Amino acid sequence: MIRKHSATLHGHRTSFSLEDAFWTELKAIANARGTSLAALISEIDDGREAGSNLSSALRLYVLKWLKDRN
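Fair warning: this is a prediction, and the values are worked out from it, not measured in the lab.

Enquirer: Where do I start with helix 3 (residues 54-68) in this structure?
Expert: Think of an α-helix as turning once every 3.6 residues; residues three or four places apart then point the same way. The terminal C-alpha atoms of helix 3 lie 21 Å apart, and with 15 residues this matches the ideal 21 Å at 1.5 Å per residue to within 8%. Two or three places before Ser 55, at the start of helix 3, stands the capping residue Asn 53, its side-chain oxygen 2.7 Å from that residue's backbone nitrogen.

Shown next as structure tokens:
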């Protein structure tokens with residue numbers, strides 16, 4: 001199921017949609033890195049290409065994280 005989530009990034013509220021599996025993995029990644037979920041989302045947001053979608057950037061980050069672990 002796709003759910004809407006909200007976060008405050010650099011003082012601005014934003015929302016994004018993610019499937020439950022991606023949301024679960026994002027939380028696990030933040031935990032594994034010893035950082036907050038908000039900090040991880042902010043880092044991913046800062047690193048995404050201009051004009052790209054935050055939801056897509058989050059999914060791609062999770063995919064890359066999982067592939068790099070194998």
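Enquirer: Where do I start with helix 2 (residues 37-47) in this structure?
Expert: Here helix 2 has its buried residues at Leu 40, Ile 41, Ser 42, Ile 44 and Asp 45. Considering only its buried residues, helix 2 is in contact with strand 1 (2-9), strand 2 (12-19), helix 1 (20-33) and helix 3.

Enquirer: Please explain the side chain of Ser 42 as it appears in this structure.
Expert: Mapped onto the elements of the fold, Ser 42 is located in helix 2. For Ser 42, a relative accessible area of 14% corresponds to the buried category. Apart from the residues lying within four places of it in its own chain, the contact partners of Ser 42 are Leu 9 and His 10.

Enquirer: In this structure, what is going on with the layout of surface pockets? I would like to understand it.
Expert: Vacant regions in the atomic arrangement are exposed by a probe of water-molecule size rolled over the atoms. Reported here for the largest pocket is a volume of approximately 160 Å³. Glu 43, Ile 44, Gly 47, Arg 48, Glu 49, Ser 52, Ala 57, Leu 60 and Tyr 61 are the residues that line the largest pocket. Of all the elements in the fold, those that place two or more residues in the lining of the largest pocket are helix 2 and helix 3.

Enquirer: Help me out: how do you make sense of the UniProt feature "domain: Ribbon-helix-helix" (unreviewed entry) in the chain in this one?
Expert: In the numbering used here, UniProt assigns the "domain: Ribbon-helix-helix" (unreviewed entry) feature to residues 3-66. Here residues 3-66 runs as 59% helix and 23% strand, with 21 Å between its end C-alpha atoms.

Enquirer: Please clarify how unusual backbone geometry should be interpreted in this entry.
Expert: Negative phi characterises most residues that are not glycine, and trans characterises most peptide bonds. Despite not being glycine, His 10 shows a phi value in the positive range, around 55°. Mapped onto the secondary structure, His 10 falls in the loop between strand 1 and strand 2.

Enquirer: Would you take a moment to explain the nonpolar core for this structure?
Expert: Side chains of nonpolar character tend, in soluble globular proteins, to be buried together. Counting residues in each nonpolar core, the largest one holds 15 residues, and the members touching the most others are Phe 16, Leu 26 and Leu 58. If you list the elements that add at least two residues to this core, you get strand 1, strand 2, helix 1, helix 2 and helix 3. With sequence-adjacent residues up to four places away left out, Leu 26 is seen in contact with Leu 18, Leu 37, Leu 40, Ile 44, Leu 58 and Val 62.

Cut-offs and rules
Residues numbered from 1 in each chain as written. Predicted model: local features only at pLDDT ≥ 70, side-chain atom pairs only at ≥ 80, totals over all residues. Heavy atoms only, no water. Helix = DSSP H or I, 4+ residues; strand = E, 2+ residues; numbered from the N terminus. Expected span 1.5 Å × (residues − 1). Polar contact = N/O pair within 3.5 Å; in protein donor to acceptor, adjacent residues only side chain to side chain. Buried < 20%, exposed > 50% of the residue type's maximum accessible area, 1.4 Å probe, protein only. Contact = heavy atoms within 4.5 Å. 1 Å grid on protein atoms, 1.4 Å probe; cavity = no way out; pocket = protein on both sides within 12 Å on 5 of 7 lines; lining within 4 Å. Points joined across faces, edges and corners; volume = space filled by probe spheres on them. UniProt positions renumbered as here; feature names shortened; annotations may be inferred. Core = buried A, V, L, I, M, F, W, Y, C linked by side-chain atoms within 4.5 Å.

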